[in-house]
Amino acid sequence: MEFVVKNVSPSSLKTATLVVAVGEGRKLGEAAKALDSLSAGAISAVLKRGDLAGKVGQTLLLHNVPNLKSERVLLIGVGVDGSLGDRSFRKLASSLHSALKNLGGSDVVLALDELVVKGRDAYGKARLLVETLADSEYVFDRYKSKKAEPRALKKITLLTAKATQADVERGAAHAQAISAGAAFTRDLGNQPPNICHPTFVGEQAKELGKAFKNIKVEVHDEKKLKALGMGSFLAVAQGSVQPPRLIVLNYQGAKKSDKPYVLVGKGITFDTGGISIKPAANMDEMKYDMCGAASVLGTFRAVLELQLPINLVGVLACAENMPSGNATRPGDIVTTMSGQTVEILNTDAEGRLVLCDALTYAERFKPQAVIDIATLTGACVVALGGHTSGLMGNDDALIGQLLGAGQAADDRAWQLPLFDEYQEQLDSPFADIANIGGPKGGTITAGCFLSRFAKQYSWAHLDIAGTAWTSGKDKGATGRPVPLLTQYLLDRSAV
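Attention in this report is confined to the structure presented alongside it.

Conventions and cut-offs
- Residues numbered from 1 in each chain as written.
- Predicted model: local features only at pLDDT ≥ 70, side-chain atom pairs only at ≥ 80, totals over all residues.
- Heavy atoms only, no water.
- Core = buried A, V, L, I, M, F, W, Y, C linked by side-chain atoms within 4.5 Å.
- Buried < 20%, exposed > 50% of the residue type's maximum accessible area, 1.4 Å probe, protein only.
- Helix = DSSP H or I, 4+ residues; strand = E, 2+ residues; numbered from the N terminus.
- Contact = heavy atoms within 4.5 Å.
- Pairing = 2+ DSSP bridges.
- Axes fitted to C-alpha atoms, helices over the stretch in contact; angles between N-to-C directions.
- Salt bridge = Lys/Arg side-chain N within 4 Å of Asp/Glu carboxyl O.
- Right-handed = clockwise from strand over helix to strand, strands pointing away.

1. A word on the nonpolar core
- Within the largest apolar cluster, 52 residues are counted, with the highest numbers of intra-cluster contacts made by L249, L297, L312, L316, L462 and Y488.
- The dominant element in this core, judged by the number of residues it contributes, is helix α9 (residues 291-306), at eight residues.
- Not counting residues within four places of it along the chain, the set of residues in contact with Y488 comprises Y261, A369, I371, L398, Q401, L402 and A405.
- Ranked by size, the runner-up nonpolar core spans 45 residues in total, among them A317, V354, L355 and I433.

What follows is the structure in structure tokens.
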């Protein structure tokens, strides 16, 4: 989909569909008023018949409106006063996409610049609109024998005032890069686990490296992991015939001397739970347990599209967690790359076992900050549901930056505490630390576990177990938290 920004009168454009706003109580937006006057009251006449109430997201398609160059006019409801929050604005954009997707014509013009979205300027409003429309275009049908019909719509033009044109263009460009990154993440998450194993993820990272400049990709195999002393990471992978991979991406968009930001992603390409096996119901969704790693790759895709002036490192810890004669058992003790020993009380708490070695590995980059992203705990879904990611860390400034980025990107997180009292739940009589802390505060104790391997730098942990995918009939990866992470990096770049 191509997005274009123009500063022209809506009545001057020849287009297949022109979209204008109508409020409740037959209230015409400014663009609709101008068209109504030009068409001798054709729009207001329709509203008087009661065909459109003007509620948020309601649509009505008009054909052959007199004296207009557009083939059709699509009226869209914007509520009482045309002042919307993020939720209602996304609802409006989704309804708009639903109305447009089955229409003929290759282009659409949106005369919606007058809408007010609370807390958002022209840039933020355009970005949210374009992201929602672009994300709505996403289809994953590569394994279906009958593919989705190609859409007629190819171009969407956003109209705006001259004073805000540069901001709207910047918002649209950022939105398209973020949506491309989110789509890349969704594609990886939606792949079946017989295709998307650790080696495949490494191949995808290499393909990304070939497609863009200023990036180097390394894929470390089992032999390298042993040489690095990643005993915890290797323990997770030893039950599977699929070999583990540590994938390292290094993007240099700033001076070599600038310290990088590091993103660490959990990449369990399928999680049976190992010997502590999961129930059969919905186990197919455990292919999404690599969405932390996928979101790192998606964020890299967005950063590469924008060529942000920062240095960025990605560390993906990829393995498959399977039960077998070689799998780890509850009670096994392993030695991490840091030298700390871990008693594995539950083999289904494997994400933290691959992440702890990846976090130790991140020290070598002397980072400005490290953020790990993981579908880590079912407890996070219980605590926060599917709307908000869990956030913990050892640096209040970093936490604040991420919370702010999530708010700006409408990809929100919520901070949970890492009080010392929770650390005591990880005590083990046989090793330095146990890999679980009991049923209470499971998300927090998982964060406490990781914190012990992140003491050398500013660190934050995002638990995306509730936000990385949706379940049910229309299940699928969401692409989160690519918007949050990209916004955080945009904020660091000041572009």
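Picking up after the structure, the text goes on.
2. Comments concerning the pairing of strand β9 (residues 155-159)
- The buried count for β9 comes to four of five residues, which makes it a mostly enclosed element.
- Where strand β1 (residues 2-6) lies against β9, five bridges are found, and the strand directions are parallel. Bridge pairing links K6 to L159 in β9.
- Direction of pairing for strand β7 (residues 107-111) relative to β9: parallel, over a ladder of four bridges. By the bridge assignment for β9, D107 is matched with K155.

3. Things to note about the sheet that holds strand β16 (residues 369-374)
- Pairing is mixed across the open sheet formed by eight strands, whose spatial order is β10-β11-β13-β12-β16-β20-β17-β18. Where the open sheet ends on each side, the last strands, each with one partner, are β10 (215-220) and β18 (413-415). On average, each strand axis in the sheet is inclined to that of its neighbour by 20 degrees, with strand direction left out of account.
- Sheet topology places β16 next to strand β20 (residues 459-463); five bridges connect them, and they run parallel.

4. Quick word on the pattern of salt bridges
- Counting across every chain of the model gives 20 salt bridges.
- The salt bridge partner of R142 is D187, with a shortest N-O separation of 3.4 Å. Of the two residues, R142 sits in the loop between α4 (122-136) and β9 while D187 sits in helix α5 (residues 165-190), which places them 45 residues apart along the sequence.
- For R142, a relative accessible area of 43% translates into the label partly exposed.
- Several salt bridges share partner residues, and in doing so they unite R87, R90 and D410 into one network.

5. Details of the pairing of strand β13 (residues 311-321)
- Counting buried residues in β13 gives 11 out of 11 residues, a clear majority hidden from the surface.
- Residues of β13 alternate between two faces, with N311, V313, V315, A317, A319 and N321 on one and L312, G314, L316, C318 and E320 on the opposite face, all of them buried.
- With eight bridges joining them, strand β11 (residues 245-252) and β13 adopt antiparallel strand pairing. Within β13, the residue paired with L246 across the bridge is A317.
- Relative to β13, strand β12 (residues 261-271) is paired through 10 bridges, and the arrangement is parallel. Bridging across to β13, G265 finds its partner in L316.
- Between β12 and its parallel partner β13, the chain crosses via α9, and the hand of that crossover is right-handed.

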